[in-house]
Each structure stands twice: as C-alpha cells, then as structure tokens.
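The primary structure of each chain is shown beneath.
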Amino acid sequence: MLQQKIALEVFTHNEKCKTKAMKIAAAAEGVMSVALEGPENDRMVVVVLGIDSATLASSLSKRVGLASFVSISEVKPEDAEKNEGNVDNCSYAHTASSTAICEAQIISQRVVLQVHMEGGCCRQKAMQIAAGAEGVISAAVDGADKERLTVVGEGMDIATLVITLRKKAGYTRIISVVEMKS
C-alpha cells in the first residue's frame, strides 16, 4: 500500500479545538502519525497508509473547522525509517500549552507504558486517549508486539493517564518514567 504524507491547514479557534482535531485524525483507520507544525501550530501533518485523504479532510471540516490541503506527497520507505526511529506503528505530536502548574517548573518526561491491546481498534483508542491527555507533546505505539505506548509530555498527570487507559483500552502498567533534558 502507498504511504502518503498529507499537510492540512486546519483553522481552529483555540488549543482545545487543535487537540480535538488531533484526536479525530489519530482515531482514523490507517493513520500512522499526526503532528501539528507551523508558526502557530495551524498546519496538521498526517502520515497515512491506504486511506482517502479527502475523507479525512471532510471529517475534520465537519467536526472542528475548515481544513484545506497544503500538500500531499508519497513517503518513501527509507524516509519513513529515518523519521520514525524505533516507532513501528503510529505516533501523535503537538506543542503543549505553556501554562505553569502551581508556579512550578514544568518537567518534560518520557513515559513508556505497556497496554494490553487486542487489535487495531484498541491501539487507536489508546492513541486517542494519549492524544487528549493534558500536557502530552507526543505519543507513539511501538515494540514488536505493538503493546508499548511511549508518551512524551510536560506536566503530565501520569496516574490519571494510566487509570484512563485501564478503563477504556485495557490493562496498563508503567514500564519506565525518564526526565528529559531540554
């Protein structure tokens, strides 16, 4: 199947709408990665495998706001390997809000979770939950069995994320939490 990189300009009102747009894109069948780019994080870049780009844009337009195509290009296998690193399946990224939590310094963390996921539907659900969590910068499903969820964020509430994943996706356990250097 053909892997495509789609750049969409999504016109949203606030950060909540941007997060909602990311959740919609992450939940779509066949989406490999989603990221917000541009000076104001108004450009969504989605890497897809075998889905109709017009359907994705239409879905975003109906639920969030106007979404127009900026570019569509084919992703070469060697480019995907360079960009993805050790991520095998799908990823999600956006810029976290710059709000300080209780006037404390925001700590950037990398959390690796093992989520018991029985199929693509559960993976999409886990990605959608991680994408909607406050403070998340990026999330990716990886590992040989596609049961590891790697989440990077600033000021995340890891306990709430794990509890939500346990309720909605499957049994979840924390494998590691590492503080990221800026």
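Residues numbered from 1 in each chain as written. Predicted model: local features only at pLDDT ≥ 70, side-chain atom pairs only at ≥ 80, totals over all residues. Heavy atoms only, no water.

1. Observations concerning the pattern of salt bridges
- Under the definition given, this model contains two salt bridges.
- For E9, the salt bridge identified is with R43, shortest N-O distance 3.8 Å. Separated by 34 residues along the polypeptide, E9 in strand 1 (residues 3-10) and R43 in strand 3 (residues 43-49) bring together distant segments of the chain.
- We note a salt bridge from K18 to E15, for which the minimum N-O separation is 3.7 Å. (Salt bridge = Lys/Arg side-chain N within 4 Å of Asp/Glu carboxyl O. Helix = DSSP H or I, 4+ residues; strand = E, 2+ residues; numbered from the N terminus.)

2. Structural notes on a positive patch on the surface
- Among the surface-exposed residues, K16, K20, K62 and R63 lie close enough to one another that they form a single positively charged patch.
- Of all the secondary structure elements, the ones that give two or more residues to the positive patch are helix 1 (15-27) and helix 2 (53-63).
- Along the chain, K20 falls in helix 1. (Patch = residues over 30% accessible without salt bridge, like charges linked within 9 Å, V, L, I, M, F, W, Y side chains within 5 Å. Areas by Shrake-Rupley, 256 points an atom, 1.4 Å probe, with all protein chains shown as cover. Lys, Arg positive; Asp, Glu negative; His and termini not counted. Charge placed at Lys NZ, Arg CZ, Asp CG, Glu CD.)

3. Some words on unusual backbone geometry
- One non-glycine residue with positive phi stands out, namely K146, at about 55 degrees.
- Examined against the element boundaries, K146 turns out to sit in the loop between strand 7 (136-142) and strand 8 (148-154).
- A residue is classified by how much of its surface remains accessible, and K146, at 21% relative accessible area, is partly exposed. (Buried < 20%, exposed > 50% of the residue type's maximum accessible area, 1.4 Å probe, protein only.)

4. A short note on the confidence of the model for the protein
- The predicted model of the protein averages 77 in pLDDT, with 82% of residues at 70 or higher.
- At the level of individual helices and strands, the protein shows its lowest average pLDDT in strand 5 (residues 90-93), which scores 51, and its highest in strand 8, which scores 88.
- Taken together, the stretch residues 80-90 has pLDDT below 50 and engages in 24 contacts with residues farther than four places along the chain or on a different chain.
- Taken as a whole, residues 94-105 scores under 50 in pLDDT and shows 14 contacts with residues more than four places along the chain or in a different chain. (pLDDT = per-residue confidence, 0-100. Contact = heavy atoms within 4.5 Å.)

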